[in-house]
Amino acid sequence: MSSRRLIFSTLFTAAVVWGRSNLKYRATSNVYDACINANDIALTFDDGPYIYLRSISDQFTAVGAKATFFFNGNNWDCIYNSDRIGDMKYAFAAGHMIGSHTWSHADLTALSTAQINDAMFRMEEALSRILGIRPGFMRPPYGDYNSNIQSIAAARGQSLALWDWDTGDADGNTTAESEAVYNDVANAKVKNALILEHETEETTANTLVPFALKLFQSKGYNLVTMAECLGVDPYQAIGVAQTQSSSWTCDGTPDPGAACGGSIVCQTGTPVFSSTAASGPTATKN
């Protein structure tokens, strides 16, 4: 059964091998659906990287705010397209937080253990290659997860990222309806808020983002990353980006909404991470 809207506090079983983060390897992952720090609002954007990423990044930067982006590898676009690589590097350099939204946006609760690992592996590999990071957070598509997904995320060193307010921008809400969600947050004078938007919606980039930035800053809220509003590190490790090669492709990987299997071999190991220099692959295949 899927679980939502709760925070799991579990015993830490081992430290992250990279030694940099306070996100720990656990028997079951932490699940965050709300901020902790007072007066913080985290605006989070799913389903990219897409054509509006740089614009959203610039709008936050212009007002001294930070955003959080949960990327897919092969959903609205291929993460290895040159424009998407450039936009990701641009947003990361601007100090915005980057997390995993899995490779193809498949419903993880419908997948096998090998398929879940593959969906996480491929996204981790892309983030390691392009940005030189190991993500500390994974947002499960649709916000759906179960105990098996928690265990797999824990083994991969990641917490699950949910939300407590949803603009409905990708679910058919009008601009006015989405703006009403922001107004509800502000008028309720909440202690904090963790809000879901989608980077792939033009109205979100062009209308909702400027509306939200102006509204929340006028109310005195701090617009911060999800990790900042929780008081934790966003990444397991930060290393160096790798040199692009012909292996950086979405060809032969799961299509949007699909999973490995059949002619697409599931990869369940640990992707290459370059701390200072490139090294060989360590992926395992099932």
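What counts and what doesn't
- Residues numbered from 1 in each chain as written.
- Predicted model: local features only at pLDDT ≥ 70, side-chain atom pairs only at ≥ 80, totals over all residues.
- Heavy atoms only, no water.
- UniProt positions renumbered as here; feature names shortened; annotations may be inferred.
- Buried < 20%, exposed > 50% of the residue type's maximum accessible area, 1.4 Å probe, protein only.
- Helix = DSSP H or I, 4+ residues; strand = E, 2+ residues; numbered from the N terminus.
- Right-handed = clockwise from strand over helix to strand, strands pointing away.
- Pairing = 2+ DSSP bridges.
- 1 Å grid on protein atoms, 1.4 Å probe; cavity = no way out; pocket = protein on both sides within 12 Å on 5 of 7 lines; lining within 4 Å.
- Points joined across faces, edges and corners; volume = space filled by probe spheres on them.
- Salt bridge = Lys/Arg side-chain N within 4 Å of Asp/Glu carboxyl O.
- Phe/Tyr/Trp six-rings, centres within 6.5 Å; stacked < 30°, edge-to-face > 60°.

- An unreviewed UniProt entry annotates the protein chain as Chitin deacetylase of Mycena pura.
- In its Subcellular location (unreviewed entry) section, UniProt records this for the protein chain: "Cell membrane".

Some thoughts on the pairing of strand β5 (residues 68-71)
Inference 1: Residue alternation in β5 divides its side chains into two sets, Thr 68 and Phe 70 and Phe 69 and Phe 71, and both sets are buried.
Inference 2: As for the winding sense of the linkage, the β-α-β connection from strand β4 (residues 40-48) through helix α1 (residues 53-62) to β5 is right-handed.
Inference 3: In this structure, β5 lies alongside strand β6 (residues 97-100), joined through 4 bridges in parallel fashion. If you follow Thr 68 over to β6, its bridge partner there is Met 97.
Inference 4: Of the crossover connections in this fold, the one passing from β5 over helix α2 (residues 82-93) to the parallel β6 is right-handed.

Things to note about the layout of surface pockets
Inference 1: As a volume, the second largest pocket reaches approximately 210 Å³.
Inference 2: Asp 47, His 105, Tyr 142, Asp 171 and His 198 are the residues nearest the centre of the second largest pocket, which is lined by 15 residues in total.
Inference 3: Listing elements by their share of the lining of the second largest pocket, those giving two or more residues are β4 and β11 (193-198).

Quick look at the pattern of salt bridges
Inference 1: Considering all chains together, one arrives at 7 salt bridges under this definition.
Inference 2: Asp 87 is paired through a salt bridge with Arg 54; the nearest N and O atoms lie 2.9 Å apart. You can see Asp 87 sitting in helix α2 and its partner Arg 54 sitting in helix α1, a full 33 residues away along the chain.
Inference 3: Between Arg 84 and Asp 77 there is a salt bridge, with its nearest N and O atoms 2.8 Å apart.
Inference 4: Among the ionic contacts, a cluster of salt bridges with common partners joins Arg 54, Asp 77, Arg 84 and Asp 87.

Notes on the packing of aromatic side chains
Inference 1: In this structure the tally under the stated criterion is 12 aromatic pairs.
Inference 2: Ring geometry for Phe 45 versus Phe 60: centroids 5.8 Å apart, planes at 90°, classification edge-to-face. Separated by 15 residues along the polypeptide, Phe 45 in strand β4 and Phe 60 in helix α1 bring together distant segments of the chain. Each member of the pair Phe 45 and Phe 60 is classed as buried.
Inference 3: A network of ring pairs unites the aromatic residues Phe 45, Phe 60, Phe 69 and Phe 71 as a single cluster.

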